[in-house]
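Residues per chain, in single letters:
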Amino acid sequence: MRKALLIVLLATYMSLRLNAEDGYRLWLRYDRISNPTLLSAYRSQISSLSIEKNSPTLTAAHDELLTGLEGLLGMKINLHTSIINGTLLIGTPNQSKTVANNVSRTEIEKAGKQGFVIKNALINGKKIILVAANTDIGLLYGSFHFIRLLQTGKPISNLHIISSPLIENRILNHWDNLNRTVERGYAGSSIWDWHRLPGYIDQRYKDYARANASIGINGTVLTNVNANALVLSGMYLEKCAALAATFRPYGIRVYLTARFSAPVELGGLKTADPLDEKVKQWWKDKAAEIYRHIPDFGGFLVKANSEGQPGPQNYGRTHADGANMLADAVAPFGGIVMWRAFVYSNETPDDRFKQAYNEFKPLDGLFRKNVVLQVKNGPIDFQPREPFHPLFGAMKQTPLMMEFQITQEYLGQATHLVFLPVMFKEVLDADTYINGKGSTVAKFIDGSSGNQNLSAMAGVANIGSDRNWTGHPFGQANWYGYGRLAWDHRLSSTDIAEEWIRQTFTNDAGAISTIKNIMLRSHEMLVNYMTPLGLNHIMGNGHHYGPSPWSANLPRADWNPVYYHRADSAGIGFDRTSTGSNALSQYAQTVRTKWENIASCPEEYLLWFHHVSWNHKMKSGRTLWEELCYKYNEGVDSIQSVQRQWKQLSSRIDKQRFAEVAMLLGIQVEEATWWRDACLSYFQTFSRQPIPRGVGEPRHSLDYYKSLRFPYAPGN
Ligand code: BDP
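Residues numbered from 1 in each chain as written. Predicted model: local features only at pLDDT ≥ 70, side-chain atom pairs only at ≥ 80, totals over all residues. Heavy atoms only, no water.

### As for the overall build of the chain
Filter applied, for reference: Numbering of helices and strands starts at the N terminus; helices are DSSP runs of H or I of at least 4 residues and strands are runs of E of at least 2. Two things to know: the radius of gyration comes from C-alpha atoms, and the globule rule equals 2.2 Å times the number of residues to the power 0.38. Three exposure classes are used, based on accessible area relative to the maximum for each residue type with a 1.4 Å probe and protein chains only: buried under 20%, partly exposed in between, and exposed over 50%. Pairs of residues are marked as contacts when any of their non-hydrogen atoms sit within 4.5 Å. Areas reported as accessible are Shrake-Rupley estimates using a 1.4 Å probe. Residue values count occlusion only from the protein chains shown. Neither His nor the chain termini are counted; the positive set is Lys and Arg, and the negative set is Asp and Glu. A charge is said to be at NZ when it belongs to Lys, at CZ for Arg, at CG for Asp and at CD for Glu.
Along the backbone of the chain there are 23 helices and 16 strands. A compact globule built from 716 residues would reach a C-alpha radius of gyration of about 27 Å, and the chain, at 27 Å, matches this within 12%. Dimensions of the chain along its principal axes, counting C-alpha atoms only, are 80 × 65 × 60 Å. Burial analysis of the chain (716 residues in total) assigns 60% to the buried set. Taking the intrachain contacts of the chain between residues at least 6 apart in sequence as the baseline, contacts between residues at least 24 apart amount to 72%. Looking at the chain as shown, the accessible area adds up to about 27400 Å², and 52% of this sits on carbon and sulfur atoms. Both charge centroids of the chain, one from 75 positive and one from 64 negative side chains, sit 5 Å from each other.

### Quick notes on the pairing of strand 7 (residues 169-173)
Here is the rule: Strands pair, by our definition, only if DSSP identifies at least two bridges between them. Assignment of crossover handedness uses the view with strands pointing away from the viewer, where a clockwise path from the first strand over the helix to the second indicates a right-handed crossover.
Summarising burial for strand 7: five of the five residues are buried, a large majority. Here strand 7 shows two buried faces, one formed by Asn169, Ile171 and Asn173 and the other by Arg170 and Leu172. When strand 7 meets strand 8 (residues 219-221), the two strands line up parallel, connected through three bridges. Looking at the pairing, Ile171 lines up with Gly219 of strand 8. In this view, the connection linking strand 7 to its parallel neighbour strand 8 by way of helix 7 (residues 203-214) has right-handed handedness.

### Topic: the layout of surface pockets
Definition in use: Computed over the protein atoms alone on a 1 Å grid, cavities are sets of points where a 1.4 Å probe fits but cannot get out and pockets are open sets with protein on both sides within 12 Å along at least five of seven lines; a residue lines them when it has an atom within 4 Å of a point. Grid points are joined across faces, edges and corners, and a volume is the space filled by probe spheres set on the points. Gly is placed with the polar residues, together with every amino acid not listed as nonpolar (Ala, Val, Leu, Ile, Met, Phe, Trp, Tyr, Cys and Pro) or charged (Asp, Glu, Lys and Arg).
Its volume calculated, the second largest pocket comes out at about 480 Å³. Lining the second largest pocket we find 22 residues, and of these Arg32, Ser34, Phe505, Thr506 and Asn507 sit closest to its centre. Secondary structure elements with two or more residues in the lining of the second largest pocket: helix 6 (136-151) and helix 16 (493-504). For the lining of the second largest pocket, a count of residues per class yields six nonpolar, eight polar and eight charged.

### Let's talk about the site of the ligand
Stated formally: Here a residue is considered near a molecule or strand provided that any single heavy atom belonging to it is located within 4 Å of it. Counting of polar contacts relies on pairs of N or O atoms within 3.5 Å, with two restrictions inside protein: one atom must be capable of donating a hydrogen and the other of accepting it, and residues adjacent in sequence are counted only when both atoms are side-chain atoms.
Lining the immediate environment of the ligand, one finds 14 residues, of which Glu183, Lys303, Arg340, Asp381 and Glu409 sit closest. Within the side chain of Asp381, an N or O atom sits 2.6 Å from an oxygen atom of the ligand. Side-chain polar atom of Glu409 to an oxygen atom of the ligand: 2.5 Å apart, as the coordinates give it. Across the shell around the ligand, the residue classes break down as four nonpolar, two polar and eight charged.

Limitation: the analysis is restricted to geometry and does not speak to function.
Structure (structure tokens):
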């Protein structure tokens, strides 16, 4: 009797657990395929797995395939070395004669060091599927891709896939502090449990590595760019080494942020001058020590002379002097230095937009071979929409890498649904015209447009200790999409969204089309209700939460919203043409001419480059003031329509995530309305024109919006 009760309880618990989709599994959900036709088709084509487990990476591939296939197909997968009908064979040409004989030299060459080939083959009348690569890591990537084919319901009877990454180093940047706070993190505390490392290896570290490997991410910077020298101490290096060992089978290298003043703080030296012999030696010794702990250490990421961080300029040296000194220290071990170009100074009277270019362009050609400049996508700071950074294409002899922000510091943090790959693509596909038409930003990053020997992309992570990793369930799509684009920036946002939805939520066609529609529109919606027509940096001071276009009291002019929008009785926007700061002169002539002319400047960038009269006629026929009101309102309307669309999904996806997203959309609608009302009430004090009919009237007074305070907003 008691036994029966126990069984019932256990069964109920199991079924509750199955229904409870808390998001922990990310896109690596391996529940049995629910479409019976598809399931039986797959079952007839896959029956056994052949893979040698002779390296930690191949063991990882083996484990993932076994769990993935058995879960998705709901059947036992046999392990065989002999070929039978339905064998899934994983191997390099060296490991397997069958691979060597059935994958051509051109195919395997195209796969390169990290890529893979997936194809069908007929061996002595037996139908098999091959996942081939030149390296074990290529096999792991291929295995994940094969699992993805099943998760997304793709046919597998006529496969001929060759895939290799266009960018060599695909990196996450964690802005995680040693006390487990995360700068600009909105998903709980840092996943690195420094205190319990190295003895305690959280299961999360492995699942983190699996998730990253599944999308091809192969590097992680563990610590904040606003760096703490302590991470370079022996005690912390041991902790880093434990993480590195957990990630290694998954092809993920560890990098650290280097605080420029570490020789003083840790080493007790009197100076951190990069030309000082003792300082150089300190870094060389430190590098050697790091490599003793972590033999495949990737290198350093450095924020120097930026927002108060120490750097070579403290000693009258240049960024090149600083970067080269560190580069020399890691070069003997194959390490690289990612030197950030995010520098601007309040003391420089020039437009902040121009400062990074002015600082780095003259240093072109002066950097060591293992230095890459890490440049944010736009010239200011991860705004909802920015024109591409003028440094892309401008440095002929220095490799540049892209820095995107996956965490949504300025894009609604963890309460707004916004699918960032749309924005990432906008930047990657932007044409710099540096070498004529077609010189896209992406071509400078992947090296196809020059002779750069190092290619890399970084994404500032949105990962934290929240059960679902990213706070907002849709934040996962931005981590996923970033990785997929770092692997192949030619993928479309539509395809990435669809893949992610199928793996994360459902293969139901109706639900996919609704969710995809929401995701693809989400970025434009957010731009409309936050910063339409080229407005930027008008968020709350410090925490960057919510609207605060009126703020003017921070000590630095270039930290204040009024610096960026420049609204007055004549109009609004920052004149960056030759009559203004002339920042446009940093772009190629074709781009400059187009953007300098108010008639040809795309309206989405208008206020980035022009101070425009309130009565200026827009393409729609409305005045600028009316258009601004209209755009804000359109943003609010569209997010309300998303809320209605989401409601239709109630029976089509799991309860828990449905409810979570529904609640978050409620917050998003509230906050979008707040943005519209606060911004329009404020800008109206300059335009002195009525809010047009059809646009919602602000619900509160301007003073009310100005009085709001958020002392404990996260991430600050
Ligand atoms: C800004 C963030 C700040 C970062 C800085 C950076 O507000 O927290 O430290 O960028 O990228 O966006 O260095």
